[in-house]
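The chain contents come next:
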Amino acid sequence: IFNLFFTNKIRSFLPNNFQAEATAVLFYAFPLLLMLLLFFPVNKNYKVHRVLSNLIFVSLVGALILSFLQLSKTTSIPFAVVFFLALTTIAGLVFLISFIKLQIKYQEIPKTLVDVRKKEKSLLIRNACLMEWVFFFLIVCFQSFIVSL
């Protein structure tokens, strides 16, 4: 429910155009996909869980990129909002790249990344789990910041 408040709040900052509507759709998809994820836990239906997780991250990173492209051009937006959005977007892109590299190398995202972490030389792949949590932390902080404005 908090994500819906966030999406409504960020829409108030965005201009009224197609890009803003696409951003809103992607931000609205995030909580809906997140709720669906609860019905498909990793230990019950891993394949569906992976597909939903991938959709969540892609929609979220896409929405962040689109909102950054619009808010960075808006002069009435405080610099702190644009800076925090840029930081969160960069973290999301780094996280997305790490998971793409992981997918390419192992053909499927492993259920547990502990074994991968021990033997992996790539910094991006080895720290994919850490980057995921950093990204989610930044998302929650950014959402809280926007809703509090």
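Fair warning: this is a prediction, and the values are worked out from it, not measured in the lab.

Caption draft 1: A look at the nonpolar core. The biggest cluster of nonpolar side chains holds 37 residues, and the ones touching the most others in it are Ile10, Phe27, Phe135 and Phe142. Elements that contribute at least two residues to this core include exactly helix H1 (2-13), helix H2 (18-39), helix H3 (46-71), helix H4 (79-106) and helix H7 (128-148). For this core, the leading source of residues is H3, giving 9 residues. Here Ile10 is in contact with Phe27, Ser67, Leu71, Phe142 and Ile146, once residues within four sequence places are set aside.

Caption draft 2: H2, seen in detail. Taking 1.5 Å per residue as the helical rise, H2 with its 22 residues ought to reach 32 Å, and the 32 Å between its terminal C-alpha atoms agrees with that figure. Considered for burial, the residues of H2 that qualify are Ala20, Thr23, Ala24, Phe27, Phe30, Pro31, Leu33 and Leu37. Next to the buried residues of H2 lie H1, H3 and H7. Capping the start of H2, Asn17 holds a side-chain oxygen 3.2 Å from the backbone nitrogen of Gln19, two or three residues further along.

Caption draft 3: Structural view of the packing of aromatic side chains. The full count for this structure, using the stated rule, is 10 aromatic pairs. Both rings, one in Phe6 and one in Phe27, keep their centres 5.0 Å apart while their planes meet at 90°; by these two values the pair is edge-to-face. Within this pair, whereas Phe6 is found in helix H1, its partner Phe27 is found in helix H2, the two being separated by 21 residues in sequence. On the basis of relative accessible area, Phe27 is assigned to the buried category, the value being 2%.

The rules behind the values
- Residues numbered from 1 in each chain as written.
- Predicted model: local features only at pLDDT ≥ 70, side-chain atom pairs only at ≥ 80, totals over all residues.
- Heavy atoms only, no water.
- Core = buried A, V, L, I, M, F, W, Y, C linked by side-chain atoms within 4.5 Å.
- Buried < 20%, exposed > 50% of the residue type's maximum accessible area, 1.4 Å probe, protein only.
- Helix = DSSP H or I, 4+ residues; strand = E, 2+ residues; numbered from the N terminus.
- Contact = heavy atoms within 4.5 Å.
- Expected span 1.5 Å × (residues − 1).
- Polar contact = N/O pair within 3.5 Å; in protein donor to acceptor, adjacent residues only side chain to side chain.
- Phe/Tyr/Trp six-rings, centres within 6.5 Å; stacked < 30°, edge-to-face > 60°.

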